[in-house]
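Next come the chains, spelled out residue by residue.
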Amino acid sequence: MNMMTELKSNALFVDQFGRGKRKLRISVTDRCNFKCVYCMPEHPEWMKKHDLLSFEELYQFCDFMVRRGIEFIRITGGEPLMRQGVVHFVAQLQNLKQLGLKRISMTSNAHYLKQYAQALKYAGLDDLNISLDSLDATQFKQLTQKDLAPVLDGIRAAQAVGLPIKINSVLMSGINDNQILPLARWSVQQKVILRFIEFMPLDGDRKWSTEHVVSEQHILETLATEFAVTTQAHDSTQVTSNPARQYLINNHPIGIISTITNSFCGTCDRVRLTAQGEFYNCLFAPQGLNLKAEIKALASSEPLSEVSLNGALSGYIWNKEQGFHAIEQRLNNQSLAKSSRKISMHMLGG
Ligand code: SAM
Ligand code: SF4
């Protein structure tokens, strides 16, 4: 075993259920030009710009995490392309590939992608997830408050420069569940991978209810009215956990992320950092861990900063709960309102 493997396998952050952490999501801003009904509150209170960690601080944190086993970094938001300097950040993260980082990814609404696609490709972005919840321009505007056309332009631009993309579509019952077949047809025709996502209780205004969830079962039944749907065998050689259950529609791959009705929490290998330095061991964790001071100390190379960050993180990650259903159950048992959860998707980044 060489030194690098030794360091990584010894230092990998693991939770109490034995799930090692390999994926880090960094939210670089909570701001967004869209107002997706399932995400953004009606009246968002943006983080103050001076409260955000700088890209240098975020980079030092990523370096620290990669040396402790993180292999995949996803840059998200809010809308990550709204933060100036994000392309340079992608380029800087390339340095971490020599320490074991395998992929640098981004999740974007693609509104500004046309102008950034080439630069992101040059900066070494490995792949991009793009949100697209409707192909109907009027419905798209109702869902997001923005136009569909720039998003489709952004998708074309990414394809033109050779950036691998996946499309994410959140479905809400009675709102855009009529898009299952149009989006599926479009993905086959475009030869892009589409993943339907069940609506999760992380919307800014806490209006989520189970009635709004379009279940994996319903999605499959709808797809089966037009396509030959088969289950794609799980790739047991894959070392990381994939939150999407994989299917084929007429031999074209499609995924469903069914956190509510059929979750993948049992193998979750993700952790998350908000733009102002709050660390979350789970999307649904009622409480994060404020690491701002520790990250700033790390970035200033203060003595023992690595030791104190390591100590804070390993305990918090160890205590990661079993998953969405376990957390909901605990909140119910303790008669704690779900609204006690202060974080929403536009801060955590999905
Ligand atoms: N703005 C970028 C975008 O929309 O792709 C990145 C941030 S967004 C918060 C990341 C992902 O979270 C998107 O794919 C979005 O569809 C998803 N998302 C947001 N709110 C959600 C919710 N309540 N339930 C399920 N997925 C959600
Ligand atoms: Fe913005 Fe993405 Fe949230 Fe939509 S899902 S409001 S694009 S952060």
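Residues numbered from 1 in each chain as written. Chains lettered and ligands numbered in written order. Predicted model: local features only at pLDDT ≥ 70, side-chain atom pairs only at ≥ 80, totals over all residues. Heavy atoms only, no water.

A. Representation of the overall build of the protein in the model. Looking only at helices and strands, the protein features twelve helices and twelve strands. Taken across its 350 residues, the protein has 54% of its residues classed as buried. A separation of at least 24 residues holds for 74% of the contacts in the protein among residues at least 6 apart in sequence. Split by element, the accessible area of the protein, about 15,500 Å² in all, is 51% carbon and sulfur. The protein carries 38 positive and 33 negative side-chain charges, and their two centres are separated by 2 Å. (Helix = DSSP H or I, 4+ residues; strand = E, 2+ residues; numbered from the N terminus. Buried < 20%, exposed > 50% of the residue type's maximum accessible area, 1.4 Å probe, protein only. Contact = heavy atoms within 4.5 Å. Areas by Shrake-Rupley, 256 points an atom, 1.4 Å probe, with all protein chains shown as cover. Lys, Arg positive; Asp, Glu negative; His and termini not counted. Charge placed at Lys NZ, Arg CZ, Asp CG, Glu CD.)

B. Layout of the site of ligand 1. Inspection of the region around ligand 1 gives 20 residues, with Tyr38, Gly78, Ser131, Met200 and Met345 positioned closest. One nitrogen or oxygen atom from the side chain of Ser131 is found 2.6 Å from an oxygen atom belonging to ligand 1. Protein contact buries 95% of the 550 Å² of open area that ligand 1 shows by itself. Listed by contribution, the elements that provide at least two residues to the shell around ligand 1 are strand 3 (103-108), strand 5 (165-171) and strand 6 (193-198). Split into classes, the residues belonging to the shell around ligand 1 amount to seven nonpolar, ten polar and three charged. (Near = heavy atom within 4 Å. Polar contact = N/O pair within 3.5 Å; in protein donor to acceptor, adjacent residues only side chain to side chain. Nonpolar A, V, L, I, M, F, W, Y, C, P; charged D, E, K, R; others polar.)

C. Broad picture of the side chain of Asp30. With respect to the helices, strands and loops of the structure, Asp30 is situated in the loop between strand 1 (23-27) and helix 2 (55-66). One buried charged residue, Asp30, forms no salt bridge at all, with the nearest opposite charge on Arg31 at 4.6 Å. In this structure the side chain of Asp30 is engaged in a polar contact, spanning 2.9 Å, whose partner is the backbone nitrogen of Met47. The residues touching Asp30, leaving out its near neighbours within four places in the chain, are Met40, Glu45, Trp46, Met47, Gly78, His346 and Met347. (Salt bridge = Lys/Arg side-chain N within 4 Å of Asp/Glu carboxyl O.)

D. Structural detail: the environment of Ile317. Structurally, the position occupied by Ile317 is in helix 10 (residues 305-318). Through-space distance from the C-alpha of Ile317 to that of Phe13 is 6.9 Å; in sequence the pair is 304 residues apart. Ile317 has contacts with Phe13, Val14, Asp15, Lys21, Val271, Phe279 and Asn281, leaving out every residue within four places of it along the chain.

E. Seen up close, the site of ligand 2. Neighbouring ligand 2 are the residues Cys32, Phe34, Cys36, Tyr38, Cys39, Met40, Gly78 and Asn109. Looking at the shell around ligand 2 residue by residue, the class counts come to six nonpolar, two polar and no charged.

F. A look at the environment of Ala117. Here Ala117 is to be found in helix 4 (residues 113-123). On the accessibility criterion, Ala117 (1% relative accessible area) is buried. Note: C-alpha distance between Ala117 and Ala275 (158 residues apart in sequence) is 23 Å. The contacts of Ala117, once residues within four sequence positions are left out, are Ala157, Ala158, Val161 and Leu163.

G. Seen up close, the pairing of strand 6. For strand 6, the buried fraction is high: five of the six residues fall into the buried class. As judged from the six bridges shared by strand 5 and strand 6, these two strands associate in the parallel manner. Bridge pairing in strand 6 links Asn168 to Arg195. For the handedness criterion, the β-α-β arrangement of strand 5, helix 7 (residues 180-190) and strand 6 is classed as right-handed. In this sheet, strand 9 (residues 252-257) lies alongside strand 6 in parallel orientation, the contact comprising four bridges. Following the sheet pairing, Phe196 is matched in strand 9 by Ile256. (Pairing = 2+ DSSP bridges. Right-handed = clockwise from strand over helix to strand, strands pointing away.)

H. Region of the structure containing the packing of helix 3 (residues 86-93) against helix 4. The geometry of helix 3 relative to helix 4 is characterised by a closest axis approach of 8 Å and an angle of 20 degrees between their N-to-C directions. As far as their axial angle goes, helix 4 and helix 3 are roughly parallel. In this structure, helix 3 crosses over helix 4, and the sense of that crossing is right-handed. Counting all contacts with helix 3, which are made through Val87, Val90 and Ala91, the residues of helix 4 involved are Tyr116, Ala119, Leu120 and Ala123. Class assignment of the residues belonging to the contact of helix 3 with helix 4 gives a composition of seven nonpolar, no polar and no charged. (Axes fitted to C-alpha atoms, helices over the stretch in contact; angles between N-to-C directions. Parallel < 35°, antiparallel > 145°, perpendicular 65-115°, else oblique. Left-handed = near helix turned anticlockwise from the far one by under 90°.)

I. Molecular detail of the sheet that holds strand 5. Here we have twelve strands laid out as an open sheet, ordered 7-8-9-6-5-4-3-2-1-10-11-12, and mixed in their pairing. Each edge of the sheet is formed by a strand with only one pairing partner; in this case those strands are strand 7 (229-231) and strand 12 (289-290). Set on the sheet, helix 7 makes contact with strand 5, strand 6, strand 8 (245-249) and strand 9; between it and strand 6 the angle comes to about 155 degrees.

J. Quick peek at the pattern of salt bridges. Applying the stated rule across the entire model yields 19 salt bridges. Measuring nitrogen to oxygen at the nearest pair gives 2.8 Å for the salt bridge that ties Asp15 to Lys21. Like Asp15, the residue Lys21 is buried in the burial classification. Shared partners join several salt bridges into a network, and the residues in it are Asp63, Arg67, Arg68 and Glu306.

K. Broad picture of the nonpolar core. In terms of nonpolar packing, the biggest core is built from 105 residues, with Leu24, Phe61, Met65, Phe279 and Leu313 touching the most fellow members. Leaving out residues up to four positions away in the same chain, Phe279 has contacts with Leu24, Phe61, Met65, Val271, Arg272, Leu273, Gly288, Leu289, Leu291, Leu313, Tyr316 and Ile317. (Core = buried A, V, L, I, M, F, W, Y, C linked by side-chain atoms within 4.5 Å.)

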